[in-house]
Structures are given as structure tokens and as C-alpha cells.
Amino acid sequence: MKKILVCGAGGFIGGHLVNRLKADGHWVRGVDLKENEFGNANADEFILGDLRDPVVAKNAVKGMDEVYQLAADMGGAGYIFTGDHDADVMSNSALCNLNVLGAAQNEGVKKIFYSSSACMYPEYNQMDPDNPKCSEDSAYPAAPDSEYGWEKLFSERLYLSYHRNYGMEVRIARFHNIFGPQGTWTGGKEKAPAAMCRKAAEAENGTSIEVWGDGKQTRSFLFIDECIEAILRLMDSDFTGPVNIGSEEMISINDFANMAIAISGKTLTINNIKGPTGVRGRNSDNKLLLEKLNWAPSMPLLEGMKKTYEWINAQVKEKQMENLKAN
Ligand code: NAD
Ligand code: GDD
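We now turn to the structure provided with this report. Keep in mind it's a predicted model, so treat the numbers as computed, not measured.

1. A short note on the nonpolar core
With 58 residues, the main nonpolar core has Val6, Ile13, Tyr68, Phe113, Phe175, Ile231 and Ile245 as its most contacted residues. Among the elements that take part in this core, helix α7 (residues 224–236) stands out by supplying eight residues, more than any other. Val6 has contacts with Gly14, Leu17, Val18, Leu21, Val28, Arg29, Gly30, Val31, Tyr68 and Leu70, leaving out every residue within four places of it along the chain. Ala71, Leu101, Ile112 and Tyr114 belong to the second largest nonpolar core, which has 26 residues in total.

2. Digging into the pattern of salt bridges
Under the criterion given, the structure shown has 18 salt bridges. Note that Asp50 and Arg52 form a salt bridge whose closest N and O atoms lie 2.6 Å from each other. Owing to a relative accessible area of 23%, Asp50 belongs among the partly exposed residues under this scheme. By relative accessible area, Arg52 is classed as partly exposed at 34%. Overlapping salt bridges bring together Arg20, Asp24, Glu229 and Arg233 as one network.

3. Looking at the site of ligand 2
Ligand 2 sits among 27 residues. The nearest are Ser117, Lys191, Lys199, Pro276 and Thr277. Between Tyr148 and ligand 2, the recorded distance is 3.1 Å, taken from a side-chain N or O atom to an oxygen atom. Within the side chain of Lys199, a nitrogen or oxygen atom sits 2.6 Å from an oxygen atom of ligand 2. Within the complex, the protein chains bury 98% of what would otherwise be the 710 Å² of accessible surface of ligand 2. Among the secondary structure elements, those contributing two or more residues to the shell around ligand 2 are α3 (77–80), α6 (192–202) and β8 (208–212). By residue number, the principal contributor to the shell around ligand 2 is α6, which donates four residues. Tallied by class, residues from the shell around ligand 2 come to 15 nonpolar, seven polar and five charged.

4. Considering the sheet that holds strand β6 (residues 169–175)
Strand order across the open sheet formed by seven strands is β3-β2-β1-β4-β5-β6-β11, with parallel pairing between neighbours. In this open sheet, the two strands that pair with only one neighbour each are β3 (45–48) and β11 (243–245). Sheet twist, expressed as the mean angle between neighbouring strand axes with direction ignored, is 20 degrees. Bridge analysis of strand β2 (residues 27–32) against β3 gives four bridges, and the strand direction is parallel. Bridge assignment links Arg29 to a residue of β3, and that residue is Glu45.

5. Overview of the state of the cysteines
Applying the stated criterion across every chain, the model contains zero disulfides. In this structure Cys227 is a free cysteine whose sulfur lies 14 Å from that of Cys119, the closest cysteine sulfur available.

6. Focus: the packing of helix α8 (residues 253–264) against helix α10 (residues 301–326)
Contact pair α8 / α10: the axes reach a minimum separation of 10 Å and the direction vectors enclose 55 degrees. As judged from the angle between their axes, α8 and α10 are oblique. For α8 against α10, the interelement crossing comes out right-handed. Contact residues: α8 offers Phe256, Met259, Ala260, Ile263 and Ser264, while α10 offers Leu301, Leu302, Met305, Lys306 and Tyr309.

7. Section: the site of ligand 1
Among the 26 residues in the neighbourhood of ligand 1, the closest are listed as Ile13, Asp32, Asp50, Tyr148 and Ile178. At a separation of 2.8 Å, a nitrogen atom of ligand 1 approaches a polar side-chain atom of Asp50. Interatomic distance of 2.7 Å between a backbone N/O atom of Ile178 and an oxygen atom of ligand 1. Burial of ligand 1 by the protein amounts to 93% of the accessible area it has alone, namely 820 Å². Listed by contribution, the elements that provide at least two residues to the shell around ligand 1 are α1 (12–23), β5 (111–117) and α5 (147–166). Sort the elements by how many residues they give to the shell around ligand 1 and β5 lands first, with three residues. Residues that form the shell around ligand 1 fall into these classes: twelve nonpolar, eight polar and six charged.

Thresholds applied
- Residues numbered from 1 in each chain as written.
- Chains lettered and ligands numbered in written order.
- Predicted model: local features only at pLDDT ≥ 70, side-chain atom pairs only at ≥ 80, totals over all residues.
- Heavy atoms only, no water.
- Core = buried A, V, L, I, M, F, W, Y, C linked by side-chain atoms within 4.5 Å.
- Buried < 20%, exposed > 50% of the residue type's maximum accessible area, 1.4 Å probe, protein only.
- Helix = DSSP H or I, 4+ residues; strand = E, 2+ residues; numbered from the N terminus.
- Contact = heavy atoms within 4.5 Å.
- Salt bridge = Lys/Arg side-chain N within 4 Å of Asp/Glu carboxyl O.
- Near = heavy atom within 4 Å.
- Polar contact = N/O pair within 3.5 Å; in protein donor to acceptor, adjacent residues only side chain to side chain.
- Areas by Shrake-Rupley, 256 points an atom, 1.4 Å probe, with all protein chains shown as cover.
- Nonpolar A, V, L, I, M, F, W, Y, C, P; charged D, E, K, R; others polar.
- Pairing = 2+ DSSP bridges.
- Axes fitted to C-alpha atoms, helices over the stretch in contact; angles between N-to-C directions.
- Disulfide = S-S within 2.5 Å.
- Parallel < 35°, antiparallel > 145°, perpendicular 65-115°, else oblique.
- Left-handed = near helix turned anticlockwise from the far one by under 90°.

Shape is all these values report; function is a separate question.
Laid out in C-alpha cells, this is it:
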């Protein structure tokens, strides 16, 4: 049994990670600005605190064998590609990383995990929706298309420099759009999987749902359980990374929207509208993951989307009931 800190335990991936670590028999402390809104982070101890404050970071890492650093100011295309939140995204996330990593080093933490993102890959390799390049060795010359991606790249380098100069054991993953139940599904920070499920769940039969861009842009999406499995396997391996943690099942956004529509069982059409779209194409490249961990995710996208739709549909229904009662 290890003593483990999960930073960002109030969030989507952090909440799921806390529960998995608990199920595996570890003692877990969580820290976040907010409690987990879906109540799914059953940590042994939870610090409600701001990791931009070095004292909070110091107290959080104290006595821990391992740290998982998932705290970040982040969201989907509607949050990171508009440019409206760039200063907050960069400074808030960088401060969390500087404070947590510095404190972990000072307090003698043995190993630390850092959650980077596919958003750090250069835009010039992601212009062709049918043929994006996201192998780990294609990161440089750097040219991410968002400040969020630049901060991730800076922080990857920060963790790697602690590894080189202080011998800190670090593990770095580049997540490719992780989705599933208990993720942000409304409010502006939600990503495409949750947005498609919500829009299909809310729509009246025979109407249409709005999809940003021409819908020909491509992405891949990884179900949360496989993301958690990959994180733990990486942490247990002797590979520092960075390594992609994502799915190779690439799909166009209109086909993805149609998948959500089909799951809903409704007859809906797609209305492509102007919106923040990000890169034209993105797909995980899992060669290195397979080579280093001898494992790669395998769950079909449809299976993960069915589980996600079921959960979001229940949230939509609950909200509708609340609104009915309030009126
Ligand atoms: P999330 O927004 O659900 O969780 C992040 C958590 O960090 C939130 O609960 C937030 O309150 C917390 N946080 C932010 N600032 C903080 C601060 N100053 N002090 C304490 N807590 C703070 O996001 P997620 O989807 O769970 O993502 C987890 C990590 O994985 C993030 O670093 C994110 O950038 C990275 N990532 C996620 C995806 C994805 O598709 N979900 C893709 C690439 C990278
Ligand atoms: N969010 C959202 N909502 N996206 C939509 C919508 C909608 O209603 N309609 C169409 N899209 C399109 C976006 O325009 C974008 O082209 C694509 O769906 C995917 O959008 P997101 O899921 O929001 O983000 P992303 O894939 O561009 O980036 C996400 O993944 C990265 C890692 O791969 C973000 O979550 C990043 O924070 C993350 O690092």
C-alpha cells in the first residue's frame, strides 16, 4: 500500500483515478479547488485548496510516496481555442506545476506523474484531417495552436529538467481527448463527446443539433477506464515518457455527432455552424505506448459513447426535473 496524492481530484480524470487507487488498496489524499461535483472521489483525505499557493502544495505533498499532478485550468475547444482565457490557462496551470513539482522534490516524494496533452503537438502536422501526425518524436520544432498547448510543453520540459538535474522519477503522458461518465458535460468547458451526447439528449425528435465547424475535422477519443489503466501502467513502468495515452480510432466530428444521434434513438439532423475548431485533424499514435508498456487501449469508441450517453442523458433528465420543480 502506498500513500498517494492526486492533484485535481475534484475533476474528471482525478476523480476516477482516486477511486481506482482506492480500489487497488492505496491510501489516497486528494487536493482541488473544488470538491468533486459528482461525488465520485472517495479519497481518504481531501484538501480543499489552491495549488497556486506554494504552502497548499507543500502541505498536500507532505508524507506522500507518489503524486499524480492533474490539476490544470482546462476545457474543450469552446474554452481553450477562443483565446479569451489564455492568461488564466497559462498562469494557473504553470503555477500548479511549479509549486507541486518543487514541493514534491523538497519533501522527498519518490515519483510524480504529469498529465500533458496532445495539444502540445505542432499545428503544421495536423492540417490534413485524414492524415495527422502525432508521434512523440514529432513534437519539435514546437508550434502548438493554443496557449494551453504551449503551457503543457513548458511543463513537460519542467518535469524533465527535474528528472535530469535532481534525479526525480517522473512519468509524463500526453492525453488525447479523454471522455466518459462524470466528466464536465455543460457550462462551456465540456469537450466534444459530452457536448454531442448532451445536444442529442436535449434535442426534440425531428429537430437538429449544432456542430461547430464543417464537421470534417477529425479526432480520436479515449474512454476514461482505459486512460486510468494506462496511467497506472506507465507509473509502474521504468519509462519516463512523454508518451501518448489515446485511442487510434479516428473519426470525423460529423460522424461522431451522428454516432451520438444514433445512440439517442432519435431522428436528428446536423447543423454545422461557425465555432472554435482547433486543429483540422488529430489521432493518437500508439507505437511507443505499445513498445514501452506492451499494452494499448482497445475499447471501441461506440461502446464508450453508449456508456457516456446513458450517464449524460440521466443528468439532462435530472436537470429538466429540477427546472420543472422550480417553475
Ligand atoms: P478537469 O478540469 O475535470 O480537472 C482538473 C481539476 O484541476 C479541476 O477539478 C480543477 O478544479 C483543478 N484545479 C485547477 N486549478 C487548480 C488549482 N489552482 N488548485 C487546485 N486544483 C485546481 O480536467 P480533466 O479532464 O480531469 O483533466 C485532468 C488533467 O489532464 C489536466 O491537466 C488536463 O489538462 C489533462 N488533459 C486532459 C484531457 C482530457 O481530454 N480530459 C486531455 C489532455 C490533457
Ligand atoms: N467542445 C465542443 N462542443 N466541440 C465541438 C462541438 C461542441 O458543441 N461541436 C463541434 N466540436 C468540435 C470542435 O470544434 C473541435 O474541432 C472538435 O469537436 C473537438 O473538440 P473538443 O473535444 O472540445 O476539443 P479538442 O479535441 O480540440 O481538444 C481537446 O483534447 C485535447 C487533447 O487531445 C481538449 O479537451 C484539450 O483540452 C485537450 O488537451
